[in-house]
Amino acid sequence: MCPEDNAAWFARALEVIPGGVDSPVRSFASVGGTPFTVARGEGPYVVDVEGRRYVDLVQSYGAVLLGHAHPEVVRAVADAAASGSSFGMPTRGEVVLAEDICARVPGCERVRLTSSGTEAAMSVLRLARGVTGRPRVVKFDGCYHGHADALLAGGGSGVATLGLPGSAGVPPGAVADTLVVPYNQVPELDDSVACVIVEPVAANMSLVPPAPGFLAGLRAACDRAGALLVFDEVITGFRLGPGGATEWSGVTPDLWCFGKVIGGGLPVGAFGGRAELTAALAPNGPVYQAGTLSGNPLATAAGHAVLTRVDREAYGQLTARAARFAAGLGQALNGAGLGATVATVGPLVGLLVGGPGEPPGPATNLEEVRAAVASGGYRALFHAMLRRGVVLPPGPYEVLFPGLAHDDRLLDQVVEVAAAAAAEVVAGWP
Ligand SMILES: *Cc1c(COP(=O)(O)O)cnc(C)c1O
C-alpha cells in the first residue's frame, strides 16, 4: 500500500516516527494543520506527493543555497557516490572542503568536519573548555546552537540568569555552567568563562541583527576575561558572503561553527579556529572528538560544488534580490492592512507579523520578537500563503531563505501572493 496523498503519508509517518517528523518544526506544531510530504524539489520549488508545486522559502532552513537538485550538485554527489560513500579513512574531498572554508573565512586556519551543526557546536564547546580549563559558557537568549544538552538552555527575561534546562531530559547539572543573557547586551565576564557563543546575526528568533558595537564589545569583553569568542555561523557562514558574518562584521572570533550551506543539502557541520587552539583536539591534544561519517565524501563533494559556484557577484545578486523582495513584501503586507516588519541582513530575510494595524517595531532581542509573535498573525499568514502555493517556514522564529534559484520575477509573484494572503487574513481577523 502506497497512498499518494499528504494526509495518508503523514498518518503513516505517525505510526512509526514520533510526531511524524524527524525534527519538530516540520510538524507544523506552531502554525497548526498537517504538513505536506515532499516528493521532490526543483530549484526554488518543492513538489508534494499530490503533485502540488510550491515556491519554497524554507530551502532546508538555509542548507540549500543554489536551489533544490541543482545539476552541478547532483553531478558532484553522483560522481562521489560511484566511488564509494564512506570509508572511515582520509579522503580528498574533506581536504578540499576544509581548504574552501579556511580560504574564505578570515582568521580560520583549521576546521574539523562533523555531520551536523549540532555536533559542531557541541564539539566547539568541548574544545573551548579544554583549551581554557574553564567550565562556563555564555550564550544569548534566542540564539540556537543545535540540541546538545549544554546549549539547550533558556533564560529568564532581561537579566543574566543561570540556565534552566530547555528540554525535559536535560538535567540541571548539564546546564549549570551555561549562562543565558539577552542578545545585544555585552555581558560581564569573569575568569570562570571558557567561551561566549553567539550567532553573529541572530537568525533563529526571526532575524535580529547585532546592534552597532555589540560584536566588537563581545570581542573586547572576551579579551579582558581571557575567554574565547565563538561565532556560530551555521546559518550566516557562506550565506552573507564568502567570509560570512566574520567578514561582514569585521570582528574575528577565536572559534567558529559552520553547517547548512557547506553541505550543499547533505549532512555536514564544521568547527575550527586558529591552529594554536585546534591543536588541542585529539589526536594531537587532549580534547576528544570523532565521527564515523565525519568528512563524508558525498557531503563534502556537494559542499565543494556549492562553494566553488558562488562568487562575490552571486552573493551581491542574492543580497540585491533579498532587499528588493523584503521591501516589496513589507509594502504588500502593510498595504493590505496586516502590520509586518521585514528585516534583512544580506540575503537573510526576517518576517515579523503582528496583527491588523501598525507593524511591530524592529526587534533587538527575543523578548521583542516574542511580543510580536504573540499576535498570531504569522500563523494565519502562513496558511493563507500556503493555500496560494508559497511555503514560508512553519514557525514565526525562523527566517526566510530566498536563494540563488529565486529570481526577481518569482519573488515578485510571492509579493503579489502575500498581498492577497494578507487581505484574507485581515478580513478574517477574529
Ligand atoms: C541549524 C543551526 C544549528 C544546528 O545545526 P543542525 O545541522 O540542525 O544540527 C546550529 N546553530 C545554528 C545557528 C543553526 O541555525
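Refer to the structure printed above.
Okay, so let's go over this structure. Just so you know, these numbers come straight off a predicted model, no measurement behind them.

## A word on the environment of Val-124
Line of reasoning, step 1. Position of Val-124 relative to the elements: it lies in helix H4 (residues 117–132).
Line of reasoning, step 2. C-alpha separation for the pair Val-124 and Val-230, spaced 106 residues apart in sequence, amounts to 8.1 Å.
Line of reasoning, step 3. When sequence neighbours within four positions are dropped, the list of residues in contact with Val-124 reads Ile-197, Val-230, Leu-255, Trp-256, Cys-257 and Phe-271.

## Quick word on the site of the ligand
Line of reasoning, step 1. Surrounding the ligand, one finds Ser-116, Gly-117, Thr-118, Tyr-144, His-145, Gly-146, Glu-199, Asn-204, Asp-232, Val-234, Ile-235 and Lys-260.
Line of reasoning, step 2. A distance of 2.9 Å is found between an oxygen atom of the ligand and a backbone nitrogen or oxygen belonging to Gly-117.
Line of reasoning, step 3. For the ligand, an oxygen atom lies 2.6 Å from a polar atom in the side chain of Thr-118.
Line of reasoning, step 4. Starting from 390 Å² of accessible surface for the ligand in isolation, the protein chains cover 84%.
Line of reasoning, step 5. Counted by class, the shell around the ligand contains three nonpolar, six polar and three charged residues.

## Here's the deal with the environment of Asp-56
Line of reasoning, step 1. Relative to the elements of secondary structure, Asp-56 occurs in strand S3 (residues 53–56).
Line of reasoning, step 2. Residue class for Asp-56 comes out buried when judged on its relative accessible area of 4%.
Line of reasoning, step 3. Those residues in contact with Asp-56 that lie beyond four places of it in its chain are Pro-44, Tyr-45, Val-46, His-68, Val-391 and His-406.

## Examining the nonpolar core
Line of reasoning, step 1. By size, the foremost hydrophobic cluster in this structure holds 60 residues, and its most contacted members are Ile-101 and Phe-258.
Line of reasoning, step 2. Here this core takes seven residues from helix H9 (residues 297–309), the largest share from any one element.
Line of reasoning, step 3. Two domains share this core, each providing at least three of its residues, namely domain 1 (6–65 + 311–427) and domain 2 (71–309).
Line of reasoning, step 4. When sequence neighbours within four positions are dropped, the list of residues in contact with Ile-101 reads Val-111, Leu-113, Phe-238, Phe-258, Ile-262 and Ala-270.
Line of reasoning, step 5. Among the nonpolar cores identified, the runner-up in size contains 50 residues, and Leu-207, Leu-329, Val-415 and Ala-422 belong to it.

## A look at the packing of helix H3 (residues 92–104) against H9
Line of reasoning, step 1. Contact pair H3 / H9: the axes reach a minimum separation of 9 Å and the direction vectors enclose 35°. Between H3 and H9 lies a crossing whose hand is left-handed. Note on element contacts: H9 touches H3 through Thr-300, Gly-303, His-304, Leu-307 and Thr-308, opposite Gly-93, Glu-94, Val-96, Leu-97, Asp-100 and Arg-104.
Line of reasoning, step 2. Its residues assigned to classes, the contact of H3 with H9 comprises three nonpolar, five polar and three charged.

## Quick notes on the pairing of strand S1 (residues 38–42)
Line of reasoning, step 1. Relative to strand S2 (residues 45–48), S1 runs antiparallel, the two sharing four bridges. The residue bridging Glu-42 from the neighbouring strand is Tyr-45, located in S2.
Line of reasoning, step 2. Linking two consecutive strands that pair antiparallel, namely S1 and S2, is a turn of two residues; a positive phi of about 55° is found at Gly-43 within it.

## Some words on the sheet that holds strand S16 (residues 390–391)
Line of reasoning, step 1. Spatial strand order, S1-S2-S3-S16: four strands in an open sheet with mixed pairing. Every interior strand has two partners, whereas the edge strands, S1 and S16, have only one.
Line of reasoning, step 2. Relative to S3, S2 runs antiparallel, the two sharing three bridges. By the bridge assignment, Val-47 is partnered in S3 with Arg-53.

## Notes on the packing of aromatic side chains
Centre distance and the angle of the planes are the two values used to describe a pair of aromatic rings.
Line of reasoning, step 1. Enumeration over the complete set of coordinates arrives at six aromatic pairs.
Line of reasoning, step 2. Ring centres of Phe-36 and Tyr-54 lie 4.4 Å apart, and the angle between their planes is 10°; this geometry places the pair in the stacked category. In this pair, Phe-36 sits in the loop between helix H1 (6–16) and S1 while Tyr-54 sits in strand S3, placing the two residues 18 residues apart along the sequence. Comparing Phe-36 with Tyr-54 shows no difference in burial state: the two are buried.
Line of reasoning, step 3. Note on Phe-140 and Tyr-183: the rings are 6.0 Å apart at their centroids and 90° apart in plane angle, and the pair reads as edge-to-face.

## Details of the packing of helix H12 (residues 377–387) against helix H13 (residues 408–427)
Two quantities define a packed helix pair, namely the angle between the helix axes and the distance between the axes.
Line of reasoning, step 1. The N-to-C vectors of H12 and H13 enclose an angle of 125°; their axes lie 9 Å apart at closest approach. If you check the angle between H12 and H13, you find them oblique. Where H12 crosses over H13, the handedness of that crossing is right-handed. Every residue of H13 that contacts H12 at Ala-380, Leu-381, Ala-384, Met-385 and Arg-387 is listed here: Val-414, Val-417, Ala-418, Ala-421, Ala-422, Glu-424 and Val-425.
Line of reasoning, step 2. For the contact of H12 with H13, a count of residues per class yields ten nonpolar, no polar and two charged.

## Some thoughts on unusual backbone geometry
Line of reasoning, step 1. In this model, Ala-282 is joined to Pro-283 through a cis peptide bond whose omega is 15°.
Line of reasoning, step 2. Checked against the element boundaries, Pro-283 lands in the loop between helix H8 (275–278) and H9.
Line of reasoning, step 3. The residue Phe-28 is not glycine, and still its phi comes out positive at about 70°.
Line of reasoning, step 4. The residue Phe-28 is located in the loop between H1 and S1 in this model.
Line of reasoning, step 5. Not every positive phi belongs to a glycine, and Gln-59 is a case in point at roughly 50°.
Line of reasoning, step 6. Structurally, Gln-59 is set in the loop between S3 and helix H2 (71–82).

## Some remarks on H1
Line of reasoning, step 1. Those residues of H1 lying buried are Asn-6, Phe-10 and Ala-13. For H1, the arc enclosing every buried residue in end-on projection is 55°, short of the 170-degree limit, so these residues lie on one face. What points out from H1, more than 90 degrees from its buried face, is the exposed set Glu-15 and Val-16.
Line of reasoning, step 2. Buried residues along H1 sit in contact with S2.
Line of reasoning, step 3. Of the residues flanking the start of H1, the one acting as N-cap is Asp-5, its side-chain oxygen 3.2 Å from the backbone nitrogen of Ala-7.

Analysis parameters
Residues numbered from 1 in each chain as written. Predicted model: local features only at pLDDT ≥ 70, side-chain atom pairs only at ≥ 80, totals over all residues. Heavy atoms only, no water. Helix = DSSP H or I, 4+ residues; strand = E, 2+ residues; numbered from the N terminus. Contact = heavy atoms within 4.5 Å. Near = heavy atom within 4 Å. Polar contact = N/O pair within 3.5 Å; in protein donor to acceptor, adjacent residues only side chain to side chain. Areas by Shrake-Rupley, 256 points an atom, 1.4 Å probe, with all protein chains shown as cover. Nonpolar A, V, L, I, M, F, W, Y, C, P; charged D, E, K, R; others polar. Buried < 20%, exposed > 50% of the residue type's maximum accessible area, 1.4 Å probe, protein only. Core = buried A, V, L, I, M, F, W, Y, C linked by side-chain atoms within 4.5 Å. Domains from an automatic or database assignment. Axes fitted to C-alpha atoms, helices over the stretch in contact; angles between N-to-C directions. Left-handed = near helix turned anticlockwise from the far one by under 90°. Pairing = 2+ DSSP bridges. Phe/Tyr/Trp six-rings, centres within 6.5 Å; stacked < 30°, edge-to-face > 60°. Parallel < 35°, antiparallel > 145°, perpendicular 65-115°, else oblique. Arc of directions from axis to C-beta.

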